[in-house]
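Letter by letter, the chains look like this.
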Amino acid sequence: QVQLVESGGGLVLPGGSLRLSCAASGSIFSINYMAWYRQAPGKQRELVAGVASGGDTNYADSVKGRFTISRDNAKNTVYLQMNSLKPEDTAVYYCNANLYDSGSYYYAKTYWGQGTQVTVSS
């Protein structure tokens, strides 16, 4: 089975930085897309940043210039470097991956991590 495990969340002061990691494990054939989503209390889950298999990235307007998504294909891992954090960045951050597992080459599946809490507060 495939699973995604996030790490790196925590409590930081405004203006601080955190680096989130998400490692995909299991019988993975190929990964199409990996992304970070977040959900703040009372708000809808939103896409923060994503990276496609070819390396193209996309970001929410609210995090452009502050967050950077990157990947390590050899480790099936995606990272989110978050700088200049603001209180409005406080949310549970979820790793997302669309991939083909080793037993299903024709139909990609979407997986979610359990989430990691990021709190930005003074």
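For the structure, see preceding data.
Residues numbered from 1 in each chain as written. Predicted model: local features only at pLDDT ≥ 70, side-chain atom pairs only at ≥ 80, totals over all residues. Heavy atoms only, no water.

**Re the overall build of the protein**
When its secondary structure is counted, the protein shows 0 helices and 11 strands. Counted from the first residue to the last, the protein has its helices and strands arranged as β-β-β-β-β-β-β-β-β-β-β. The C-alpha atoms of the protein give a radius of gyration of 14 Å, which matches the 14 Å a tight globule of 122 residues would have. When each of the 122 residues of the protein is scored for burial, the buried share is 38%. (Helix = DSSP H or I, 4+ residues; strand = E, 2+ residues; numbered from the N terminus. Rg over C-alpha atoms; globule rule 2.2 N^0.38 Å. Buried < 20%, exposed > 50% of the residue type's maximum accessible area, 1.4 Å probe, protein only.)

**Looking at the packing of aromatic side chains**
As enumerated under the stated definition, the model contains 1 aromatic pair in all. Sitting over the face of the ring of W112, R45 holds its NZ or CZ atom 4.8 Å from the ring centroid. (Phe/Tyr/Trp six-rings, centres within 6.5 Å; stacked < 30°, edge-to-face > 60°. Lys NZ or Arg CZ within 6 Å of the ring centre and 35° of its normal.)

**Overview of the nonpolar core**
M34, W36, L80, M82 and Y93 are the most contacted members of the largest nonpolar core, which has 31 residues in total. Residue assignment for this core shows that the elements contributing at least two residues are β3 (18-25), β4 (28-39), β5 (46-52), β7 (67-72), β8 (77-82), β9 (91-101) and β11 (116-120). No other element matches β9, which puts 5 residues into this core. In this structure Y93 touches E6, L20, W36, Y37, R38, V48, F67, L80, M82, G115, T116 and V118, once residues within four positions along its chain are discounted. (Core = buried A, V, L, I, M, F, W, Y, C linked by side-chain atoms within 4.5 Å. Contact = heavy atoms within 4.5 Å.)

**Digging into unusual backbone geometry**
Positive phi, normally seen in glycine, also occurs at N76, with a value near 50°. Looking at the secondary structure, you find N76 in the loop between β7 and β8. Despite not being glycine, S84 has its phi angle at roughly 50°, a positive value. With respect to the element layout, S84 can be found in the loop between β8 and β9.

**Notes on the pairing of β9**
Summarising burial for β9: 8 of the 11 residues are buried, a large majority. Here 3 bridges tie β9 to β11, and the two strands are oriented antiparallel to one another. Bridging from a neighbouring strand, Y93 pairs with T116 of β11. The sheet contact formed by β9 and strand β10 (residues 109-112) spans 4 bridges and is antiparallel. The residue of β10 that forms the bridge with L99 is K109. (Pairing = 2+ DSSP bridges.)

**Digging into the side chain of D89**
Following the sequence through the fold, D89 ends up in the loop between β8 and β9. Residue classification places D89 among the buried positions, given a relative accessible area of 1%. One polar contact links D89 to R66, side chain to side chain, over a distance of 2.8 Å. Apart from the residues lying within four places of it in its own chain, the contact partners of D89 are R38, R66, F67, S84, V118 and V120. (Polar contact = N/O pair within 3.5 Å; in protein donor to acceptor, adjacent residues only side chain to side chain.)

**Considering the state of the cysteines**
Tallied over the full model, the rule gives 1 disulfide. The disulfide bridge from C22 ends at C95, spanning 2.0 Å between sulfur atoms. What sets the handedness of the C22 and C95 disulfide is the S-S torsion sign, and at about -85° it is left-handed. One end of the pair, C22, is in strand β3; the other, C95, is in strand β9, and 73 residues separate them in sequence. By relative accessible area, which is 0% here, C95 ends up buried. (Disulfide = S-S within 2.5 Å.)

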